[in-house]
Amino acid sequence: MQSPPKEQFVALAGLRGIAALVVLQWHGNIFLGGAPLPGGYLAVDFFFLLSGWVLAHAYDQRLATSLSAGAFLRQRLIRLYPVLILALLLTFAGGALVGHPPVTGLLLGLLFLPDFWAQPVDWLVRPAWSLIAELAANLPFGLWHRRLSTGVLATTVLVALAALIFLAIAHGSLDVGHSLTSWPGLFARVFFSFPLGVLLYRHRDRLAAWAPSWAAWPSGLLLVLVLGLPAPAGLKGLLDLFTVAALLPAVLLLASAARPHRLTARIAEGLGAMSYPLYLLHVAIFSAVNMLLLLFTKSGLDEQPLAVTLPLVAAIVALSLLVDRFYDRPLRRWLAAPRPAVAPLEPKPAGR
């Protein structure tokens, strides 16, 4: 089996961590002393865009030569499942402790689906709503990889862009897809950003020729600024379209050319390592801490000072790094390791 290309895009790992922190700020702004970043929900679109780039980098050559679609999809499930299962079990345990074990939410969550029997219908692990879209984009990438020419990918992007334009007009923004009523919008978002990420990767030498090698920190700052742009009244949908179609791809291309020094690279790698555990676990941790505070102090998390909430965020970051190092990576290595073939039992010779 061929190994992935040796070129590393370290700054992109840092941007993935920053995007995860933006999502945390979006969900926890009420007790973090500020309003949510106006475009914080578009961090999910950046995840999809980055996923297209990263998977093209890691699998384009292998899928074109030696890696089967089944093996690719198995690797994707191994990447997604360990932290998802941990988040599901922690959330289920929290429900069980208060006498309401969400059994259907747990079982459907293992299939990346919401709990259709909940009121309102929702995912047991709240941020997991985007994972089914990630898988929906991964399936054609693995199954029909050799047919995904520039023309096919560009056509997909343009069709999805038309759907995004409709959604931006109909809803006034692209904050859609996280409920059943707007679920189709989720797939418009992923089938725009994911194939666009693949296209950007495949044509990176030309498209990123303008980007300097020193832009690791500026690209991270620019990502926060892009997701924090306020929209004039009535223009939120238009700004979201411009952000997803132009600004986020520009940030990705800028960071892809960055060649950070050792300390910056280590920070970026750490941010990337904690991003997925933080993304899936932070809402469950917020809920658990809020429940404990209400039980013992009669005041919720939204009534706590920054002296309490900021250390909580730091603890979530530290826990996410520990989950990545001591749970997620070891478990994924074990799951991905080849298993020795079991030799068939030979019949014993007659008379023995």
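Anyway, here's the lowdown on the structure attached to this text. (Residues numbered from 1 in each chain as written. Predicted model: local features only at pLDDT ≥ 70, side-chain atom pairs only at ≥ 80, totals over all residues. Heavy atoms only, no water.)

The next thing to look at is helix α12 (residues 306-336). Compared with an ideal rise of 1.5 Å per residue, which puts 31 residues at 45 Å, α12 spans 42 Å between its outermost C-alpha atoms and is within 8% of the ideal. Bending of α12 peaks at approximately 40 degrees at the position of D324. Among all positions of α12, only T309, L312, V313, I316, S320, V323, D324, D328 and R332 are buried. Of the surrounding elements, those touching the buried residues of α12 are α1 (10-28), α3 (69-97) and α11 (262-297). (Helix = DSSP H or I, 4+ residues; strand = E, 2+ residues; numbered from the N terminus. Expected span 1.5 Å × (residues − 1). Bend = angle between axes of the 7 residues up to and from the residue. Buried < 20%, exposed > 50% of the residue type's maximum accessible area, 1.4 Å probe, protein only. Contact = heavy atoms within 4.5 Å.)

Let us now look at the layout of surface pockets. Looking at the largest pocket, its volume works out to about 1500 Å³. Of all elements in the fold, only α1, α2 (43-65), α3, α5 (131-143), α11 and α12 reach the threshold of two or more residues within the lining of the largest pocket. Here the lining of the largest pocket gets twelve residues from one element, more than from any other, and that element is α2. Residues of the lining of the largest pocket, tallied by class, amount to 23 nonpolar, seven polar and twelve charged. Reported here for the second largest pocket is a volume of approximately 550 Å³. Along its surface, the second largest pocket is lined by 27 residues, and T91, L124, V283, A284 and S287 are the ones closest to its centre. Among the elements of the structure, α3, α11 and α12 are those that each provide at least two residues to the lining of the second largest pocket. In terms of residue count, the dominant contributor to the lining of the second largest pocket is α11 (seven residues). (1 Å grid on protein atoms, 1.4 Å probe; cavity = no way out; pocket = protein on both sides within 12 Å on 5 of 7 lines; lining within 4 Å. Points joined across faces, edges and corners; volume = space filled by probe spheres on them. Nonpolar A, V, L, I, M, F, W, Y, C, P; charged D, E, K, R; others polar.)

Core analysis: the biggest nonpolar cluster contains 94 residues, and F46, F141, L223 and L280 have the highest contact counts within it. Broken down by element, the residue count for this core peaks at 13 residues, all from α2. Excluding its chain neighbours within four sequence positions, the residues that come into contact with L280 are V83, L84, A87, V125, P127, A128 and L131. (Core = buried A, V, L, I, M, F, W, Y, C linked by side-chain atoms within 4.5 Å.)

Scanning the entire structure with this criterion turns up eight salt bridges. As a salt-bridge pair, R202 and D60 come within 2.9 Å of each other at their nearest N and O atoms. Pair noted here: R202 is in helix α7 (residues 183-202) and D60 is in helix α2, with a separation of 142 residues, a long-range link. Across the pair R76 and E134 runs a salt bridge whose closest N-O atoms are separated by 3.4 Å. With R76 in helix α3 and E134 in helix α5, the pair connects residues that are 58 residues apart, well separated along the chain. We classify R76 as buried; its relative accessible area is 9%. When its relative accessible area of 8% is taken as the criterion, E134 is described as buried. One salt-bridge network, in which partners are shared between bridges, spans R79, D328 and R332. (Salt bridge = Lys/Arg side-chain N within 4 Å of Asp/Glu carboxyl O.)

A few words now on the environment of Y276. Note on placement: Y276 falls in helix α11. Through-space distance from the C-alpha of Y276 to that of W117 is 27 Å; in sequence the pair is 159 residues apart. In contact with Y276, not counting residues within four places along its chain, are R79, L80, V83, L84 and L131. Only 2.7 Å separates the side chain of Y276 from the backbone oxygen of L80, close enough to count as a polar contact. (Polar contact = N/O pair within 3.5 Å; in protein donor to acceptor, adjacent residues only side chain to side chain.)

Two elements in contact, α1 and helix α9 (residues 216-227), have axes separated by 10 Å at closest approach and are oriented at 30 degrees. Between α1 and α9, the interaxial angle falls into the category roughly parallel. The hand of the α1/α9 crossing is right-handed. Along its contact with α1, which presents A11, L15, I18, A19 and V22, the element α9 presents A216, S219, G220, L223, V224 and L227. Here the contact of α1 with α9 is built from residues that sort into nine nonpolar, two polar and no charged. (Axes fitted to C-alpha atoms, helices over the stretch in contact; angles between N-to-C directions. Parallel < 35°, antiparallel > 145°, perpendicular 65-115°, else oblique. Left-handed = near helix turned anticlockwise from the far one by under 90°.)

For the rest of this paragraph, the subject is the environment of L222. Examined against the element boundaries, L222 turns out to sit in helix α9. Its relative accessible area of 33% is what places L222 among the partly exposed residues. With sequence-adjacent residues up to four places away left out, L222 is seen in contact with V251 and L254.

Attention now goes to the packing of aromatic side chains. Going through the model one piece at a time under the given rule, you end up with twelve aromatic pairs. A ring pair is formed by F31 and F286, whose centres lie 4.9 Å apart and whose planes are at 85 degrees; its orientation type is edge-to-face. With F31 in the loop between α1 and α2 and F286 in helix α11, the pair connects residues that are 255 residues apart, well separated along the chain. One exposure class covers both F31 and F286, and it is buried. Look at F72 and F141: their rings are 5.6 Å apart centre to centre, the planes differ by 55 degrees, and that puts the pair in the tilted class. Here F72 is found in helix α3, whereas its partner F141 is found in helix α5, with 69 residues between them in sequence. Look at F141 and you get buried, because its relative accessible area is 2%. In textbook terms, an aromatic cluster arises when at least three aromatic residues are bridged by ring pairs, as seen for Y59, F72, F141 and F194. Sitting above the plane of the Y201 ring, R204 keeps its charged end 4.1 Å from the centroid. (Phe/Tyr/Trp six-rings, centres within 6.5 Å; stacked < 30°, edge-to-face > 60°. Lys NZ or Arg CZ within 6 Å of the ring centre and 35° of its normal.)

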